[in-house]
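Letter by letter, the chains look like this.
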Amino acid sequence: MPTSAAGSNSPGCAARGFTLIELMVVVALIAVATAGAVLSLRDSASTALERDAQRLAAVLEAARAQARANDAAVWWHSSDRGFELRSPSRPEVQQAWLSEHTRARSSAPVQLGPEPLMAPQRIELFSALSPQHRLWVVTDGLRPFAVQVPDAPGRP
């Protein structure tokens, strides 16, 4: 009578299924693939809007510093495709939004400098894809421009 070690397949025995280790490896691979797919799809309209808001705050601060250094005012204007920086001492600079769906709105053109203290400013950014998602780029006139979420307490 032939004998065989446990787990070895003899010619007369059929395989009965998968081991627990094999199933766990497959489940782990599926989880890693799913996580990769979710992270690659994460770049939504709200993320693009946040990137544009951070960039606008940095550009406004740089223009503010340049206006103070040159002792000449710089004006920020919104346009359909981006925004413009105007100054009497240099030609108009146009910059496009990072996302083609980003839009900006302010009650008046924003004056940056040359004075160290300026009036409080607020620029509303929203996405043409999801207009309900909005962010503001704000300053109280003394502090740097910063991105503000609408639900934040103490909103100007």
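Above this text sits the structure in question.
As the structure is a prediction and not an experimental result, all values here were calculated from the model.

Visitor: Break down unusual backbone geometry for me, citing the residues and quoting the values.
Guide: Note on backbone geometry: most residues besides glycine have negative phi, and most peptide bonds are trans. Along the chain, Gly 113 connects to Pro 114 via a cis peptide bond; the corresponding omega equals 0°. When you line up the elements, Pro 114 lands in the loop between β5 (110–112) and β6 (121–127). For Asp 71, which is not glycine, the phi dihedral falls at a positive 55°. Relative to the assigned elements, Asp 71 resides in the loop between α2 (45–70) and β1 (74–78).

Visitor: Provide a residue-level description of the pairing of strand β4 (residues 102–105), including the pertinent values.
Guide: Alternating positions in β4 separate cleanly, Thr 102 and Ala 104 being buried on one face and Arg 103 and Arg 105 remaining unburied on the opposite face. Both β4 and β6 contribute to a ladder of four bridges, which runs antiparallel. Bridged to Ala 104 within β6 is Leu 125.

Visitor: So what's going on with the sheet that holds β1? Residues and values would help.
Guide: Within the open sheet, the four strands sit side by side as β3-β2-β1-β5. Their pairing is antiparallel. Each of the sheet's edge strands pairs with one partner strand only, and the pair in question is β3 (90–96) and β5. Strand-to-strand, the axes of this sheet are offset by a mean angle of 20°, without reference to chain direction. In terms of strand pairing, β1 meets β5 through three bridges, oriented antiparallel. Among the inter-strand pairings, Val 74 is bridged to a residue of β5, identified as Leu 112. Contacting β1, β2 (82–87), β3 and β5, α2 runs over the sheet at an angle of about 5° to β2.

Visitor: Could you give me a rundown of the environment of Glu 61, with the residues and numbers involved?
Guide: Counting through the fold element by element, Glu 61 comes out in helix α2. Here Glu 61 falls in the partly exposed class, since its relative accessible area comes to 24%. Taking the C-alpha atoms as reference points, Glu 61 and Ala 146, separated by 85 residues in sequence, lie 9.3 Å from one another. Filtering out sequence-adjacent residues up to four positions away, Glu 61 remains in contact with Arg 143, Pro 144 and Phe 145. A polar contact is formed between the side chain of Glu 61 and the backbone nitrogen of Phe 145, at a distance of 2.9 Å.

Visitor: Summarise the pattern of salt bridges; cite the residues concerned and give the values.
Guide: All chains considered together, the criterion is met by five salt bridges. Arg 64 is paired through a salt bridge with Glu 61; the nearest N and O atoms lie 3.2 Å apart. Pair noted here: Arg 64 and Glu 61 are both in helix α2, with a separation of three residues, about one helical turn. Three or more residues are tied together by salt bridges with common partners; here these are Arg 105, Glu 124 and Arg 134.

Visitor: Which residues make up the packing of aromatic side chains, and what values do they have?
Guide: Per the counting criterion, the structure on display carries two aromatic pairs. Centroid distance Trp 76 to Phe 83: 6.3 Å. Interplanar angle 35°. Geometry classified as tilted. For the pair Trp 76 and Phe 83, a shared accessibility class is recorded, and that class is buried. Three or more aromatic residues joined by ring pairs make a cluster, and in this case those are Trp 76, Phe 83 and Trp 97. The ring of Phe 126 is capped by Arg 134, whose NZ or CZ atom sits 5.1 Å from the centre of that ring.

Criteria and cut-off values
Residues numbered from 1 in each chain as written. Predicted model: local features only at pLDDT ≥ 70, side-chain atom pairs only at ≥ 80, totals over all residues. Heavy atoms only, no water. Helix = DSSP H or I, 4+ residues; strand = E, 2+ residues; numbered from the N terminus. Buried < 20%, exposed > 50% of the residue type's maximum accessible area, 1.4 Å probe, protein only. Pairing = 2+ DSSP bridges. Axes fitted to C-alpha atoms, helices over the stretch in contact; angles between N-to-C directions. Contact = heavy atoms within 4.5 Å. Polar contact = N/O pair within 3.5 Å; in protein donor to acceptor, adjacent residues only side chain to side chain. Salt bridge = Lys/Arg side-chain N within 4 Å of Asp/Glu carboxyl O. Phe/Tyr/Trp six-rings, centres within 6.5 Å; stacked < 30°, edge-to-face > 60°. Lys NZ or Arg CZ within 6 Å of the ring centre and 35° of its normal.

On their own, these measurements won't tell you what the molecule is for.
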